[in-house]
Amino acid sequence: MRISTVVQYRHVHLSEQDFALLFGGDLAVSLSALSHRGQHVLEQTVIIKTAKGKFEDVRILGPVREKTQVELSASDAFALGINAPVRVSGDLARSGSCTIIGPEGEVEVKSSVIIPARHIHVSPQAAKKLEIAHHDIINLQVDGHETIIDHVTVRVHPTFSLEFHLTSDEAAQ
C-alpha cells in the first residue's frame, strides 16, 4: 500500500489559554486545511525563544489543544539549547521548555517541547486493513528501494488520513 510522506517542520499547537495570552482577543484564522479532517494551519505565527536564540514566524497548527506543545527537529532543539526528547505527540512528561512570543504577549511553557517521533497516521478502517493498531511500532519499506524505516509509531484516529510523518532532519538523511 502506498503511503504519502509528510516532512514536518517546526510548529506549535497552542492551548486555548495560551492562544488568548499570545493573541489577545484575536480569533484563530485558518490559512489552509491539513489532510486530517478538522485540522489546519493558522495564519498567525509565533516566535520560539530561549536564552540561546530564537526562531521567528513559527507556524501554529489548529485547532487548539488541551496543552501547548512545541515540535522541533533535533537540529532546531540543539540550536536553541533545548533538551527535547523524541516523543509521540502528546507525551510531554519531562520534555523541554521555551518561551513563546505573540503580538499581544508571551508565555513560558514548561515540559512542552518535543522532537516528534516518526509516525504514521491511520484511520481505523486502514488500520484494520493493514492489521496494525494504535501505538504499534512498525517498519516501513521505501517503495522501489531496499531502504527500511524502522521504529515508526502507529497513530490511529477517525479523522486521520494515511500519512507517514518525519522531521526535516530525518528527511534529509
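Rules and cut-offs
- Residues numbered from 1 in each chain as written.
- Predicted model: local features only at pLDDT ≥ 70, side-chain atom pairs only at ≥ 80, totals over all residues.
- Heavy atoms only, no water.
- Helix = DSSP H or I, 4+ residues; strand = E, 2+ residues; numbered from the N terminus.
- Rg over C-alpha atoms; globule rule 2.2 N^0.38 Å.
- Buried < 20%, exposed > 50% of the residue type's maximum accessible area, 1.4 Å probe, protein only.
- Contact = heavy atoms within 4.5 Å.
- Areas by Shrake-Rupley, 256 points an atom, 1.4 Å probe, with all protein chains shown as cover.
- Lys, Arg positive; Asp, Glu negative; His and termini not counted.
- Charge placed at Lys NZ, Arg CZ, Asp CG, Glu CD.
- Salt bridge = Lys/Arg side-chain N within 4 Å of Asp/Glu carboxyl O.
- Pairing = 2+ DSSP bridges.
- Axes fitted to C-alpha atoms, helices over the stretch in contact; angles between N-to-C directions.
- Arc of directions from axis to C-beta.

S.K.: Teacher, can you tell me more about the overall build of the chain here?
M.R.: Along the chain, the regular secondary structure elements total 4 helices and 13 strands. Relative to the globule expectation of 16 Å for 173 residues, the C-alpha radius of gyration of the chain, 17 Å, shows essentially globular dimensions. With respect to the principal axes defined by its C-alpha atoms, the chain has extents near 45 × 30 × 25 Å. Looking at the 173 residues of the chain, the share that counts as buried comes to 43%. Long-range contacts, defined as pairs at least 24 residues apart, comprise 62% of the intrachain contacts of the chain with a sequence gap of at least 6. Summed over its atoms, the accessible surface of the chain is roughly 9700 Å², and 51% of this surface lies on carbon and sulfur atoms. Of note, the chain has its 16 positive side-chain charges centred 3 Å away from the centre of its 21 negative side-chain charges.

S.K.: Help me out: how do you make sense of the pattern of salt bridges in this one?
M.R.: Between side chains of opposite charge, pairing is possible as soon as their charged atoms come close. According to the stated counting rule, one finds 7 salt bridges in the structure shown. In this structure, the salt-bridge partner of Arg118 is Asp150, at a minimum N-O distance of 3.2 Å. Of this pair, Arg118 sits in the loop between strand 9 (105-116) and strand 10 (119-122) while Asp150 sits in strand 12 (residues 148-156), placing them 32 residues apart in sequence. Look at Arg118 and you get partly exposed, because its relative accessible area is 22%. One network of salt bridges, with partners in common, ties together Arg118, Asp150 and Glu170.

S.K.: What is the right way to read the sheet that holds strand 1 (residues 4-8) from this model?
M.R.: Where strands meet in a sheet, backbone hydrogen bonds hold them as pairs that are either parallel or antiparallel. What the 5 strands build is an open sheet, ordered 1-13-10-12-11; its pairing is mixed. Two strands bound the open sheet, and with one partner strand each, they are strand 1 and strand 11 (137-141). Looking at each pair of strands side by side, their axes are set apart by 35° on average, direction ignored. Pairing analysis gives 4 bridges linking strand 10 to strand 12, with the strands arranged parallel. What sits directly across from Ile120, in strand 12, is Val154.

S.K.: Could you clarify how one ought to interpret the side chain of Asp18 in this entry?
M.R.: On the secondary structure map, Asp18 appears in helix 1 (residues 16-23). The side chain of Asp18 is buried and forms no salt bridge, while Lys67, the nearest opposite charge, is found at 7.2 Å. If we skip the residues at most four places from it in the chain, Asp18 touches Thr68, Val107 and Val109.

S.K.: How should I be thinking about unusual backbone geometry in this particular structure?
M.R.: Trans peptide bonds make up the majority, and among non-glycine residues the majority have a negative phi. With an omega of 10°, the peptide bond between Gly62 and Pro63 qualifies as cis. Following the sequence through the fold, Pro63 ends up in the loop between strand 5 (53-62) and strand 6 (69-71). In this structure, Arg94 takes a positive phi of about 55° despite not being glycine. When you line up the elements, Arg94 lands in the loop between strand 7 (86-87) and strand 8 (96-102).

S.K.: I keep staring at the environment of Val6 and nothing clicks. Help me out?
M.R.: Topologically, Val6 is positioned in strand 1. Val6 sits 158 residues away from Phe164 along the chain, and the two C-alpha atoms are 6.0 Å apart. Residues contacting Val6, with those up to four places away along its chain left out, are Glu163, Phe164, His165 and Leu166.

S.K.: Looking at this model, I keep getting lost on helix 1. Mind explaining?
M.R.: Residues spaced three or four apart along an α-helix point in a common direction, a consequence of the helix completing one turn every 3.6 residues. Among the residues making up helix 1, those that are buried are Asp18, Phe19, Leu22 and Phe23. Projected onto a plane normal to the axis of helix 1, the buried residues spread over an arc of 110° and lie on a single side. For helix 1, the exposed residues set more than 90 degrees away from the buried face come down to Glu16 and Gln17. On its buried face, helix 1 sits against strand 4 (40-50), strand 5, strand 8 and strand 9. Within two residues after helix 1, Gly24 carries a phi angle of roughly 60°, on the positive side.

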